Amino acid sequence: MIDKRVASAAEAVSDIFDGAKIMFGGFGEAGSPIELIHALIDQGATNLTMISNNCGSGQVGLAALLKAGRVSKVICSFPRTANSTVFPELYRSGHTKLELVPQGTLAERIRAGGAGIPAFYTPSAVGTPLAEGKESREFAGRKYLLEHGLRADFSLIKGRVADTHGNILYSKTARNFGPVMAMAGKVTIVQVGEVVDAGQLDPESIVTPGIFVDRVVAIANPAHESELVAAGASYP
Amino acid sequence: MIDKRVASAAEAVSDIFDGAKIMFGGFGEAGSPIELIHALIDQGATNLTMISNNCGSGQVGLAALLKAGRVSKVICSFPRTANSTVFPELYRSGHTKLELVPQGTLAERIRAGGAGIPAFYTPSAVGTPLAEGKESREFAGRKYLLEHGLRADFSLIKGRVADTHGNILYSKTARNFGPVMAMAGKVTIVQVGEVVDAGQLDPESIVTPGIFVDRVVAIANPAHESELVAAGASYP
Amino acid sequence: MTKPAVIGRTREEMAQRLAQDIPDGSYVNLGIGIPELVTKFVPAGRSLIYHTENGMLGMGPAPKPNEGDPELINAGKQQVTAVPGAAYFHHADSFAMIRGGHLDLCVLGALQVAQNGDLANWSTGEPGAIPAVGGAMDLVAGVKSVFVITQHCTREGEAKLVGKCTFPLTGLAVVNRIYTDLAVIEVTPNGFGLVELSPGIDFDYVQERTAAPLLRNP
Amino acid sequence: MTKPAVIGRTREEMAQRLAQDIPDGSYVNLGIGIPELVTKFVPAGRSLIYHTENGMLGMGPAPKPNEGDPELINAGKQQVTAVPGAAYFHHADSFAMIRGGHLDLCVLGALQVAQNGDLANWSTGEPGAIPAVGGAMDLVAGVKSVFVITQHCTREGEAKLVGKCTFPLTGLAVVNRIYTDLAVIEVTPNGFGLVELSPGIDFDYVQERTAAPLLRNP
């Protein structure tokens, strides 16, 4: 009997180690696995590399993990957020390093990592400061940059529903990085609103097949980052 | 009002030109757009490059297109089929050239073409005869081959249902190459059992978004290649 | 004291002018700010399909109050809606659409546009600023046509249309057309070409505010 | 005349022996032929999930007569069924699973296996033969463990376990274990290592039929 459920967010993240490279799903608050992130703050792992599109807002979720000093490097496309002062301070102080990656290159590097592609060429960022130090090459008269696949020790993502085999459905634009990060995580942990038995999801509609998922944890009523920020919440 | 329907398979393929590079969906008979292929035989375009996983069986579908002498080159992973003598004869006579590509490399090259990736590295086929003449490079101590993205002038694929915007759902393992070939075709033509109004398909379940599709044609009761072959049919 | 009279097109009028040039059935990605106004002015009888790079085709307008969903947002992280025929997809698929040349048009703001079409719109390069790029470099590298919509000059009166960009680039030779308060300008192989002056604006007025030659009959 | 007595394991017994070595919960891709027999012998209490590279996880057995669907087939193009928890996906995603190291095991037939794990199983290299490769090169390059199941020798009595393959290769140093009628053999850094002899078979009998040294205590 295959059953990938774990009982709690705390249990799901219990083996994340110091120095781990972690992908966090989400674009802004949509798809951000906030309960898993808070469990990770409680768990205490530090010196982490955070791979995510943004750096959170307010003092919850990713911003709280950063504020707790747990992140030594961020690989990210858009670390600036209206409501966050956390990342700018850490960046300016040198505590947290930044590798800035164009959003589409970030998504493709993550997919490549998950798909066993060590490197690929892309036209994005040619001639810009983000091309500095990167190999370039012409194909059919156009210049492209060499970019490398990205993998992570853990991927923490958020879905709408899972089955016990780890098949995942998402909610609207909260899907964003989830499916590719699920592919690229050596251990992929998904928080979902609901877990159903295998066979309850339509095999034609599954977005992330269970082979990419190691653990699912049911969080029935996940918090919304924007509501927490509006209420002035901070974690812990 | 966006409406990508065309009235018939004949109309859908009417502008395919001599020398065109065409991707054909399908793995064996599953997903093979047999009515579009037959319409293409009637239409008469020749000197075609065929990109597909197989070369058909019997004397219908892809095998019939080959037999009609319309194909000068095949890019394919598995041209050998129990029920086909058509391709072997054309290959041995030199009429039709073959570029043999590992199946996963073929799928990835097609996706890359559709995704604007001119080239990528893969571990598949390293050290084999299919690596001959290809660039190789080491990443993290392992050897990989450079493979190039593939695009086509036309992609002919088969779905289960489309909406008028060209969003496509497939049927079971007939999905196979359809979604990536839809991405890689400059003009993508899809035959489906049914076309519904935009808004009738669940936006969460759409497999091929309409942006990748140019024309949809309803073929209510498509033929099954295996049944035609069993009946000894030949086309035309 | 009275405010100076408005010279040239307002933001809305710029968006309206640009909207005339988008063909029916186009797949369009609109940047944040003035580009978003374009949706209001699409001529009757044309249907456009809006792409948002966080993972959706068929994006509709903002929801009614209290009907929004924090998991249905656009690239500016604002709540939106889905129109009939919409589809959701993941980020790699979304940027495959962009990079693979499947989108017909993107409309972006600009800090500077050079006469060869180079675009700078992501960073002023100030020391200590937190760099953030998002999807702009992918969009300009991949989308078939790139339209810029921008004030002709900065608030300080400096030209944004220049010989060579001084700010960090977003992409090389990527801009096709520029819609400003003063004019519509095309990037041609020979430099900036005037397509049309805004009502009440004359050629010399635009040329004086453009830091590169403006071709009258490109 | 009587047939010679069967020596070593039958095809079914080979499949049964291999099945013992697949851990519960594994994601498994089975090649065409003897590998397909493995499903019959999975020990009670273990659940395996079968992948077929044409685009499905959760593949089940052949359908009942007249209940098949020509659009639900396996990599051998035979009709199959879907078990609860199954998922369909496209070819690039399917091979992302394979190439990305997400499958635990694939089981393949072989023409030859070399002592360093090189595999030849797609072509005898005969002039005039129609070459066809399918997914074998992707599977051996990407799947975590590669088990070969094969008769120890060809019908003509030639060794299939060799010092160096003479047939065109499928992959370099990719095979982990070999299950034959005569033995279970592991590919070690020092060459072929004997794991287990089939009942009634002695070491020298296997070594004589193996064209490379067989390590007794690898």
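Look a little higher up for the structure.
My aim in this report is to walk through the structure given alongside it, one point at a time. Keep in mind it's a predicted model, so treat the numbers as computed, not measured. (Residues numbered from 1 in each chain as written. Chains lettered and ligands numbered in written order. Predicted model: local features only at pLDDT ≥ 70, side-chain atom pairs only at ≥ 80, totals over all residues. Heavy atoms only, no water.)

Take the overall build of chain C next. A tally of regular secondary structure across chain C gives 4 helices and 13 strands. Taken against the 2.2 N^0.38 rule, which gives 17 Å for 218 residues, the C-alpha radius of gyration of chain C at 18 Å falls within 12% of a compact globule. Taken along the three principal axes of its C-alpha coordinates, chain C extends 50 × 40 × 35 Å. Counting the 218 residues in chain C, one finds 56% classified as buried. In chain C, the proportion of contacts linking residues at least 24 apart, taken out of those at least 6 apart, comes to 59%. In the structure as shown, chain C presents an accessible area of about 9100 Å², 51% of it carried by carbon and sulfur atoms. Of the side chains in chain C, 16 bear a positive and 22 a negative charge, and the two mean positions are spaced by 3 Å. (Helix = DSSP H or I, 4+ residues; strand = E, 2+ residues; numbered from the N terminus. Rg over C-alpha atoms; globule rule 2.2 N^0.38 Å. Buried < 20%, exposed > 50% of the residue type's maximum accessible area, 1.4 Å probe, protein only. Contact = heavy atoms within 4.5 Å. Areas by Shrake-Rupley, 256 points an atom, 1.4 Å probe, with all protein chains shown as cover. Lys, Arg positive; Asp, Glu negative; His and termini not counted. Charge placed at Lys NZ, Arg CZ, Asp CG, Glu CD.)

With that settled, the discussion passes to the sheet that holds strand β12 (residues 191–197) of chain C. Residues and elements named next belong to chain C. Taking strand neighbours across the sheet as the criterion, the 10 strands line up as β4-β3-β2-β1-β5-β8-β10-β11-β12-β13 in an open arrangement whose pairing is mixed. Edge positions in the open sheet fall to β4 (81–88) and β13 (214–215), since each of these has one partner strand only. Here strand β1 (residues 27–30) pairs with strand β5 (residues 105–108) via 3 bridges, running parallel. Opposite N29, over in β5, you have C106 as the bridge partner. (Pairing = 2+ DSSP bridges.)

The extent of an interface is frequently quoted as the accessible surface area lost upon association of the parts. If you look at the interface, chain A gives 45 residues, while chain C gives 36 residues. Between chain A and chain C the total buried area reaches about 3400 Å² when both faces are included, carbon and sulfur atoms providing 64% of it. The largest contributions to the chain A side of the interface with chain C come from F27, K172 and T173 of chain A, which together make up 19% of the buried area. Along the contact surface separating chain A from chain C lie 3 salt bridges. Ionic pairing is found between E108 of chain A and R99 of chain C, a salt bridge with its closest N-O pair at 4.0 Å. In this assembly, chain A and chain C are joined by 21 residue pairs in polar contact (both at pLDDT 80 or more). (Buried area = accessible area lost by both parts, 1.4 Å probe. Salt bridge = Lys/Arg side-chain N within 4 Å of Asp/Glu carboxyl O. Polar contact = N/O pair within 3.5 Å; in protein donor to acceptor, adjacent residues only side chain to side chain.)

Residues and elements named next belong to chain B. Mapping S57 onto the fold places it in the loop between β2 (48–51) and α3 (61–67). Residue S57 is classed as buried on the basis of its relative accessible area, which comes to 8%. Side chain to side chain, S57 and E225 meet in a polar contact 2.8 Å long. Ignoring any residue separated from it by four or fewer positions in sequence, one finds S57 in contact with A63, T81, N83, S84, E225 and V229.

The subject of this paragraph is the environment of E138 of chain B. Residues and elements named next belong to chain B. Examined against the element boundaries, E138 turns out to sit in strand β6 (residues 136–139). E138 sits in the exposed class, given a relative accessible area of 54%. Note: C-alpha distance between E138 and P123 (15 residues apart in sequence) is 9.8 Å.

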